[in-house]
Amino acid sequence: MRVGRFAMGKTVLLASDGMTTRFGPARVPSRDSPEAAIELLLERGYTACEIDFEGGFWMKPEWEWAARFGELAKKNKIALSVHAPIAAILGHLEEDEQKRKRAFGMIDHSAGVATAAGAELMVVHPGYLLGREREAALEAVAQDLAALHERLEPKGRTVAFGMEIMGRVRELGTPEDVFWLAGRFDWVRPVLDFAHLHAVTDGGFVAKDAFAGVLQAADGVIEPGAPFHIHFSDIAFANRNETKHLPYGEGTLRAEPLRDALKPFKRPATVISESPGEESHQAIKAILVGKRAPSNRKTRRRSPARAGLRDVQPE
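Notes on the structure follow. (Residues numbered from 1 in each chain as written. Predicted model: local features only at pLDDT ≥ 70, side-chain atom pairs only at ≥ 80, totals over all residues. Heavy atoms only, no water.)

## Quick notes on the environment of Ala-210
Phase 1 of the analysis: Relative to the assigned elements, Ala-210 resides in helix H8 (residues 208-219).
Phase 2 of the analysis: On the basis of relative accessible area, Ala-210 is assigned to the partly exposed category, the value being 25%.
Phase 3 of the analysis: The spatial distance from the C-alpha of Ala-210 to the C-alpha of Pro-257 is 8.5 Å, given a sequence separation of 47 residues.
Phase 4 of the analysis: Leave out the neighbours within four places in its chain, and Ala-210 touches Gly-204 and Phe-205. (Helix = DSSP H or I, 4+ residues; strand = E, 2+ residues; numbered from the N terminus. Buried < 20%, exposed > 50% of the residue type's maximum accessible area, 1.4 Å probe, protein only. Contact = heavy atoms within 4.5 Å.)

Now the structure itself:
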């Protein structure tokens, strides 16, 4: 069964404007104002950013902040995505109806912010087995996704859902789980977290072929024109489970095989760095897109961020 189709024309246009790989951080770099955030993103050479609601909603005033941020991001060709709160998981047990309602509310709200900002997609976590067989747990997640579709579509919150591959080997969120859900609903896309994949394979993502195999499978379930959505960072793990993100270079995951694996695909990619620290973001970006941000602002020409911000005035 395939359920509906969200209108995703904005996403396809944004992803297909001539940039093969967009890159940016998993956090908005300033919460002071949309203008300050965009200025920092451009100063650091980023073309993507994930709005970070993992720990809760922080934009105030929210709808105005999101709309302005989205307006400036579009003007400056920065692709946006949203990460819903960690607690907003799908597939709760029937006896946990209050948790389910709370999760639905957070996802609904995240989708509203994502729509206001013109985000490419909203990242969500698939939930947990909770003592069930995998097939039963996945079916519960699918039922929640269908219910959310019915709830969000009349509100015009037409953002694609990004289902993230998770980093715990015996829980929901394997590539097979995520691809199954993306194949069932044409408004769900896989979020390819290669740090998580490296962890659950006990450090298995060291060669181009490992990355290419996952990209090939994802390519088969993502609608034409939409980008791969990728999370990347170095990672520590134990017993095939993630333990923490690492500064780039401290672990064994490297960006070169990902860069090489992406090259044969005509599909664009948005890569979000979840590494701790700006130096790690810049090191990964230098490999994937071939350049670091300038280190000395005095040697630069007039800031493109400031130029772009002057061109977009509040109504």
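## Details of the packing of helix H4 (residues 97-117) against helix H5 (residues 134-152)
Phase 1 of the analysis: Between H4 and H5, the least distance of the axes is 11 Å, while the angle of their chain directions is 50°. As summarised for this structure, H4 and H5 are arranged oblique, according to the angle between their axes. As for how H4 packs across H5, the hand of that crossing is right-handed. Every residue of H5 that contacts H4 at Arg-100, Phe-104, Gly-105, Ile-107, Asp-108 and Ala-111 is listed here: Asp-144, Ala-147, Leu-148, Arg-151 and Leu-152.
Phase 2 of the analysis: Taken together, the residues of the contact of H4 with H5 sort by class into 6 nonpolar, 1 polar and 4 charged. (Axes fitted to C-alpha atoms, helices over the stretch in contact; angles between N-to-C directions. Parallel < 35°, antiparallel > 145°, perpendicular 65-115°, else oblique. Left-handed = near helix turned anticlockwise from the far one by under 90°. Nonpolar A, V, L, I, M, F, W, Y, C, P; charged D, E, K, R; others polar.)

## Some thoughts on unusual backbone geometry
Phase 1 of the analysis: Here Lys-60 and Pro-61 are connected by a cis peptide whose omega angle stands at -10°.
Phase 2 of the analysis: Inspection of the secondary structure puts Pro-61 in the loop between strand S2 (48-52) and helix H3 (62-75).
Phase 3 of the analysis: Located in the positive-phi region is Lys-77, a residue other than glycine, with phi close to 55°.
Phase 4 of the analysis: By the secondary structure assignment, Lys-77 is in the loop between H3 and strand S3 (79-83).
Phase 5 of the analysis: Notably, Asp-202 is not glycine yet its phi reads approximately 60°, a positive angle.
Phase 6 of the analysis: Within the fold, Asp-202 resides in the loop between helix H7 (194-200) and H8.
Phase 7 of the analysis: A residue is classified by how much of its surface remains accessible, and Asp-202, at 52% relative accessible area, is exposed.

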